[in-house]
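# Structure assessment
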Amino acid sequence: MINRLDEKLIENVINYNETERSNVDGMACRVIISSMEKMSLLTLGYFSISKMNLYILDEVKKKIEQKIKDYFLNYNLISIQKLCLKCASSLSKLSFSMYRIDNYADTDIMQIFDILDSFGKNIRENFYQERMAFLKEAMDLIYFETEEYKNVSSTNITLDTFFKILYLEVSIILLVQFKFAISKNPEMCMVIDKSGSIRFEEKTANNLYKESKKLEEIKLRENENLYDSDANKVIKEFKKYYGFDNDSLKLISNFFLTEKNEIQISRKIFKNKVMSLLNLDDRQWKYFEKTMFFNSKNGEWEKMIKNVNCSLFSTPFVITKDKTKVGFTKYTIAESAMYLRRRIVYKDINLNRHISNLIKKLRNEKKLPNLKKKLLCKYKNVGINKDFGEDVKTKEIFHNIRNVPHEIDLYYKDNENLKIFDLKDYHIPFSLIDLNKLEKKLKKETTKLKNLVSKMNKNKTLFETSLGFSFKNIEVGILLTRDISNMKKVGKVEVISLSEFRETINSTRVKN
């Protein structure tokens, strides 16, 4: 049955009346504006924030963090954790309903289907997805903070008070995003209005809108291929070595949660039952615990946001505050089963060398022989998967050297230039912050490639002998398996998708 918690979450994502701004981001904006009023920052009716006074956002953030701390000190932390799990369960239900994932369409989800349909809106639009993301990130932060604080309060938290904390957490997430957006663009200016609006000035708003639209285009255009034959081979090998996979999580859910949606059970009983159910040995159990348990030990607040390795929705098993029980819910386990495939395929979790190499071979390097064949129609000297670290002519250069790729995925000689491409398979970005993370990864890879060029220039004769041909200059680039980046260059390093690269080859004249 749909309960009050389900209805409240639906209202915060979809919003029955957009003009009242009762959605989660609208409520969080009110928190920010109220805090700034109390700090006497809105005496003129508005306040403009640019890179020059960006520190103001940190001051507002501190004020809101103190409010959150007061709640955690005045309410029983175990009651907050329990409600947090219930809320996470409802959010997973709402996710399955929004994305029409029929595999999990039980009675509750079908009821939510009907409620969402009654709005007559496209619930897959970007801003609805962003609201879901805000709520999930806030839920992770709340649970993380219950583990950080200690108190002896016996006052149980109510649903309405819990949502007040939720809005405070989302307001901090928004402040972090605002700061990120402004620090990235020195010309950016944001206006916080006493009347209730937070907006960017027109030029900035247009730029952000364009970036957001590009992101939507990427998501619609690209496919992660998490269930194709190659992904299935990887998952099969993962299960063979580690003892579990996404289907194993469904087994756990069906075993423990036949008549209820959430449970707390003795840690010892849970361990014994799961090891028996999945036939895990001690090594495999330790890996399962490390991979599937919510563990914020030594965590930092900033690292909790969008962390697939510490989230109620991808690592759904939690240790209760008193350390005696494991808590989990039917719907968060179901959602985590979907995330597990992505975490494996994109190597978000630690994997043994065999599985890592298999992913590289099936997901990335499978495309290289075809590229080599196409290039050989245009160029004489073409190669793939050249490992300088294993070649007797060059291996000494790479001994104990880090931050330099030992292997190059694709190379060819164009006139007197040696062209080298490093093939990368990255997540499809689902937000502007994800896009920024992608840019950081590209910059990191660029640094590695520049280091390789430096090594090759210093030992040019050895590398020419290793490759079997001479060259004058070296050009490097990053080849993406999918067209997911807005960056086409990082410094002098070209960033190009496989599809764009193929088009370039096809349009190139034959070289002698």
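In case you missed it, the structure is sitting above this.
The sections below set out a description of the structure shown in this document. All of these numbers come straight from a predicted model, not from anything done at the bench.

Attention shifts here to the overall build of the protein chain. What the protein chain contains, in helices and strands, is 19 helices and 12 strands. Per-residue burial for the protein chain yields a buried fraction of 53% across its 512 residues. Approximately 25100 Å² of the protein chain is accessible, and the part contributed by carbon and sulfur atoms is 48%.

Another aspect to go through is helix 1 (residues 4–13). The α-helix winds at 3.6 residues per turn, so residues separated by three or four positions along the chain end up facing the same way. By the criterion of burial, helix 1 is predominantly enclosed, with 7 of the 10 residues buried. All buried positions along helix 1 are accounted for by Leu 5, Asp 6, Lys 8, Leu 9, Ile 10, Asn 12 and Val 13.

Here we take up the sheet that holds strand 9 (residues 417–424). Pairing between the strands of a sheet comes from backbone hydrogen bonds, and it takes one of two forms, parallel or antiparallel. Taken together, the 6 strands give an open sheet; going across it, the order is 7-8-9-10-12-11, and neighbouring strands pair in mixed fashion. Each of the sheet's edge strands pairs with one partner strand only, and the pair in question is strand 7 (382–387) and strand 11 (489–490). Across 8 bridges, the pairing between strand 9 and strand 10 (residues 473–480) is parallel. Following the sheet pairing, Ile 420 is matched in strand 10 by Val 476.

With that settled, the discussion passes to the packing of helix 1 against helix 4 (residues 77–98). The description of two helices packed together rests on the angle between their axes and the distance between the axes. Their axes nearest at 10 Å, the elements helix 1 and helix 4 cross at an angle of 60 degrees. Judged on the interaxial angle alone, helix 4 and helix 1 are oblique. For the element pair helix 1 and helix 4, the recorded crossing hand is right-handed. Residues Leu 5, Asp 6, Leu 9, Ile 10 and Val 13 of helix 1 pack against Lys 86, Cys 87, Ser 90, Leu 91, Lys 93, Leu 94 and Met 98 of helix 4.

Criteria and cut-off values
- Residues numbered from 1 in each chain as written.
- Predicted model: local features only at pLDDT ≥ 70, side-chain atom pairs only at ≥ 80, totals over all residues.
- Heavy atoms only, no water.
- Helix = DSSP H or I, 4+ residues; strand = E, 2+ residues; numbered from the N terminus.
- Buried < 20%, exposed > 50% of the residue type's maximum accessible area, 1.4 Å probe, protein only.
- Areas by Shrake-Rupley, 256 points an atom, 1.4 Å probe, with all protein chains shown as cover.
- Pairing = 2+ DSSP bridges.
- Axes fitted to C-alpha atoms, helices over the stretch in contact; angles between N-to-C directions.
- Parallel < 35°, antiparallel > 145°, perpendicular 65-115°, else oblique.
- Left-handed = near helix turned anticlockwise from the far one by under 90°.
- Contact = heavy atoms within 4.5 Å.

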